[in-house]
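Each chain, written out:
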Amino acid sequence: MHKPLRIAAVAATCVVAGAALYGTGVATAGQSTANSTHEPYNIGVLVKDIDTYYGTTADSNGVYQASPDSQYAKDLARLDAAAKRHIDQAARTAHHRHEKLAVVFDIDDTLLLSLDYEKKTNYTYNSASWAAYVAQADRPAVFGSPDLVNYAASKGVEVFYNSGLKESQRVSAVDNLKKIGVDVNLDSAHMFLKDAANPPAYLSDCATAAAWNCTTVQYKSGTRKHIESLGYDIVANFGDQYSDLDGGYADRTYKLPNPTYFVS
């Protein structure tokens, strides 16, 4: 996943409870915006805040894990509960109207948690180290995400994945998702990954075999538009970045918390 605006520990994240919003163009108490002339938030302090938020600890294998008792886990639980209520109601309505419903999930830090990579790289992105990390196919689940995917499927809602991972990383992504208990619609007709060498026709406005010029919003919203062109109504779209959600083609969006990086 290319992360062009990855900033060391400075992120755009919406804590579900509404307590904090970090990132470009938005300020909270004591937090200046990226365009401000005020002294920015201290990175060392912010890293400590992030660790506290996740309840970060290293397990016996030296892998950094989030705590199930953390504020991060609690915020995700509230988001998941709200999403399930919405999916349930939408499915009930669609059943009577004979409509086809879909949900769309991002993968990185929406289904698979990358906290260990962030900690060990000091919140900096390197394409080679990221590719090696993804290839291990051993990331833990984002709390509650496997259950949410399976819940949507149990309600007769079609599950799709819309990820910034590369086509060459498909096998690793599928293997990792299966490990965490997500084994729903992992075929190429439902999992959309970036294929710069052979971009789909529906992205022709910004991507050709000669050059991939799609922004994250163009790629993700264009893919959702394609899914809806197949006859589905996307009732919920899940992502940890606002660029996963912007651009329309979803009845409701769910922003998962992620204070470790920002993707425009």
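Everything numeric here is computed off the predicted structure, so don't read it as measured data. (Residues numbered from 1 in each chain as written. Predicted model: local features only at pLDDT ≥ 70, side-chain atom pairs only at ≥ 80, totals over all residues. Heavy atoms only, no water.)

## Remarks on the confidence of the model for the protein chain
Of all residues in the protein chain, 87% attain a pLDDT of 70 or more, and the chain-wide mean is 89. Overall, residues 1-32 carries pLDDT values under 50, and its contacts beyond four positions in sequence, including any with other chains, amount to 98 contacts. (pLDDT = per-residue confidence, 0-100. Contact = heavy atoms within 4.5 Å.)

## As for the pattern of salt bridges
Working definition: two side chains of opposite charge can pair if their charged atoms are close together. Here the structure, examined in full by the defined rule, presents 10 salt bridges. With a closest N to O distance of 2.9 Å, aspartate 88 and arginine 92 form a salt bridge. Here the residue aspartate 88 and the residue arginine 92 both occupy positions in helix H2 (residues 71-97), the gap between them amounting to four residues, near one helical turn. Within this structure, Asp88, Arg92 and Lys155 form a network of salt bridges that share partners. (Salt bridge = Lys/Arg side-chain N within 4 Å of Asp/Glu carboxyl O. Helix = DSSP H or I, 4+ residues; strand = E, 2+ residues; numbered from the N terminus.)

## Notes on the sheet that holds strand S8 (residues 232-239)
Within the open sheet, the five strands sit side by side as S7-S6-S5-S8-S9. Their pairing is parallel. Looking at the sheet topology across the chains shown, the edges are occupied by strand S7 (191-194) and strand S9 (253-255). Neighbour-to-neighbour, the strand axes of this sheet turn through a mean angle of 20°, independent of strand direction. Alignment of S8 against S9, held across three bridges, turns out to be parallel. Of the residues in S9, the one forming a bridge with asparagine 237 is threonine 253. Sheet strands touched by H2: strand S5 (100-105), S8 and S9. Its angle to S8, the strand with the most contacts, is close to 175°. Most of the contacts of helix H7 (residues 216-229) go to strand S6 (residues 158-166), to which it runs at about 150°, and overall it touches S5, S6, S7 and S8. (Pairing = 2+ DSSP bridges. Axes fitted to C-alpha atoms, helices over the stretch in contact; angles between N-to-C directions.)

## Describing helix H6 (residues 170-179)
For H6, every residue scored as buried is listed here: Arg170, Ser172, Ala173, Val174, Asn176 and Leu177. Phi turns positive, to about 95°, at glycine 181, one or two residues after H6. (Buried < 20%, exposed > 50% of the residue type's maximum accessible area, 1.4 Å probe, protein only.)

## Some words on the nonpolar core
Val103, Phe105, Ile107, Tyr161, Leu177 and Phe238 are the most contacted members of the largest nonpolar core, which has 49 residues in total. For this core, the element with the most residues is H2, which contributes eight residues. Not counting chain neighbours up to four residues away, the residues in contact with tyrosine 161 comprise Phe105, Ile107, Leu111, Val149, Val182, Val184, Asn185, Leu186, His190, Met191 and Phe192. Counting residues in each nonpolar core, the second largest holds 12 residues, with Ala102, Leu203, Ala207 and Ile227 among its members. (Core = buried A, V, L, I, M, F, W, Y, C linked by side-chain atoms within 4.5 Å.)

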